[in-house]
2 protein chains.
Amino acid sequence: MNELITYFNKYNTLSENAIKAISEICKPVNIKKNQDLQSIGHTCRTIYFIKKGVARIYYFKDDIEITECFAFENAIIARVESLFTGKPSRKAIQMVENSELIAINSTKLFDLYDTFPEIERLFRKIFEAAYVDTVNRVESIQFHSAEERYNTLLKENSNVLQRVPLKYVASYLGITQVSLSRIRGIR
Amino acid sequence: MNELITYFNKYNTLSENAIKAISEICKPVNIKKNQDLQSIGHTCRTIYFIKKGVARIYYFKDDIEITECFAFENAIIARVESLFTGKPSRKAIQMVENSELIAINSTKLFDLYDTFPEIERLFRKIFEAAYVDTVNRVESIQFHSAEERYNTLLKENSNVLQRVPLKYVASYLGITQVSLSRIRGIR
DNA sequence: CTGATTATTTATCTTATGTTAAATTTTACT
DNA sequence: AGTAAAATTTAACATAAGATAAATAATCAG
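Described in the following lines is the structure provided in the data block. Treat the numbers as computed from the prediction; the structure is a model and nothing was measured. (Residues numbered from 1 in each chain as written. Chains lettered and ligands numbered in written order. Predicted model: local features only at pLDDT ≥ 70, side-chain atom pairs only at ≥ 80, totals over all residues. Heavy atoms only, no water.)

1. Digging into the sheet that holds strand β7 (residues 92-95) of chain B
All names here are of chain B.
Here comes step 1: A sheet is described by the order of its strands in space; here 4 strands give the open sequence β2-β7-β4-β5, paired in antiparallel fashion. This sheet does not close on itself; its edge strands, each paired only once, are β2 (36-38) and β5 (64-71). The sheet shows a mean angle of 35 degrees between the axes of neighbouring strands, direction not considered.
Here comes step 2: Here β2 runs beside β7; their pairing, made up of 2 bridges, is antiparallel. Counterpart to D36 in the pairing with β7 is Q94. (Pairing = 2+ DSSP bridges. Helix = DSSP H or I, 4+ residues; strand = E, 2+ residues; numbered from the N terminus. Axes fitted to C-alpha atoms, helices over the stretch in contact; angles between N-to-C directions.)

Shown next, in the form of structure tokens:
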């Protein structure tokens, strides 16, 4: 749990009691490479913290698999469009490497919000930061060329390119595998 | 203030005291058509509720003006990438029509969170919903053609097309004015 | 109401990315 | 290690959207 507490502290420091309460709704999960952690069609009721490994959220558009995002060590991952609406998700979470996770039951977590405003605040801040990332992603996709987006990824998140198959990276960048390969070929 | 309270109730019903406290940090603002409500370069410390009118957030990319989003009556608008980070915003908010707004001081609002967890919860839920919208927008921009995006807008938000100049709509859709005109010409 | 400005459309040409298919390289399994 | 499967690259051609410029339509100020 230490990694998780350290992660929490970046957003909001919790009291001993709050940490204890959260600990009780967490459980460790190990997932093998390429296995789905959460499958399409189910409502998201778990927030995962990644201790080790890489996750991606993906879905299908016209039978083509699209990667929505990646998450690495010391980050959380959840299908927020389902978590916050209670609707079934059209998306799945898959582990790209053998991974160790901590599963946080979101139903129980949301109950804790009533007793621990500090926990509500913690997750408010976590998701506000994620929201900002998503706003920036809209800008990146919409107004930068595929090549610009690739170069930004290379510069700011090169571990994606080192640890994730390019076929996943391509749809994340909003282009085809062939286009990505062409862009990489230049220079 | 009635419209605002009605809007709040959709997310979280507030006690009398909480409503009173929020009311004290709100003030009415009237803005003429085409005028900027907030300008580029300043840190966002105000959340606006739109009683009447249309707002858009815009910024410049390579000297070209880009519309990030629109907001209409009974919605809030804020430059969250600045609001949640405290960094100056590269974006501006402009009113597309003569408008009546309620300005909520965000510094004071965040202070209220300490005394009123219900207010913190209210805005947590408001921004969670906005976050979900943004996640869906990423999907829309990234994996639908310009024509699909235009048709979706026409179907689900046709007031945008009725009330907003097409030159703003084009960059919102991630295309040029000329492309939008071409797409509209088909059929 | 009229002229001037601004917004929108149309036309032409260019370019980035998509599509399909094949070749090559890498990875995984026995 | 050797083979099959999967991933990546390369090639050739197609297409959607960009760029620029000009024409038309709509809006606004006096």
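Anyway, onward from the coordinates.
2. Here's the deal with the interface of chain A and chain B
Here comes step 1: Facing 36 residues of chain A, the contacting portion of chain B comprises 36 residues.
Here comes step 2: Of the roughly 3400 Å² buried between chain A and chain B on both sides combined, carbon and sulfur atoms contribute 60%.
Here comes step 3: The interface formed by chain A and chain B contains 12 salt bridges.
Here comes step 4: For the interface between chain A and chain B, the tally reads 18 residue pairs in polar contact (both at pLDDT 80 or more). (Contact = heavy atoms within 4.5 Å. Buried area = accessible area lost by both parts, 1.4 Å probe. Salt bridge = Lys/Arg side-chain N within 4 Å of Asp/Glu carboxyl O. Polar contact = N/O pair within 3.5 Å; in protein donor to acceptor, adjacent residues only side chain to side chain.)

3. With respect to the pattern of salt bridges
Here comes step 1: By the definition in use, this model includes 28 salt bridges over all chains.
Here comes step 2: Its salt-bridge partner being R121(A), residue E120(B) comes within 3.0 Å of it at the nearest N-O pair. Within this pair, whereas E120(B) is found in helix α5 (residues 117-143), its partner R121(A) is found in helix α5 (residues 117-143), the two belonging to separate chains. One exposure class covers both E120(B) and R121(A), and it is buried.
Here comes step 3: A salt bridge links E81(B) to K91(B); the nearest nitrogen and oxygen atoms lie 3.9 Å apart. Here E81(B), found in helix α3 (residues 80-83), pairs with K91(B), found in the loop between α3 and β7; they are 10 residues apart in sequence, far enough to count as distant. There is no split in this pair, since E81(B) and K91(B) are both buried. (Buried < 20%, exposed > 50% of the residue type's maximum accessible area, 1.4 Å probe, protein only.)

Just distances and angles here, no functional claims.
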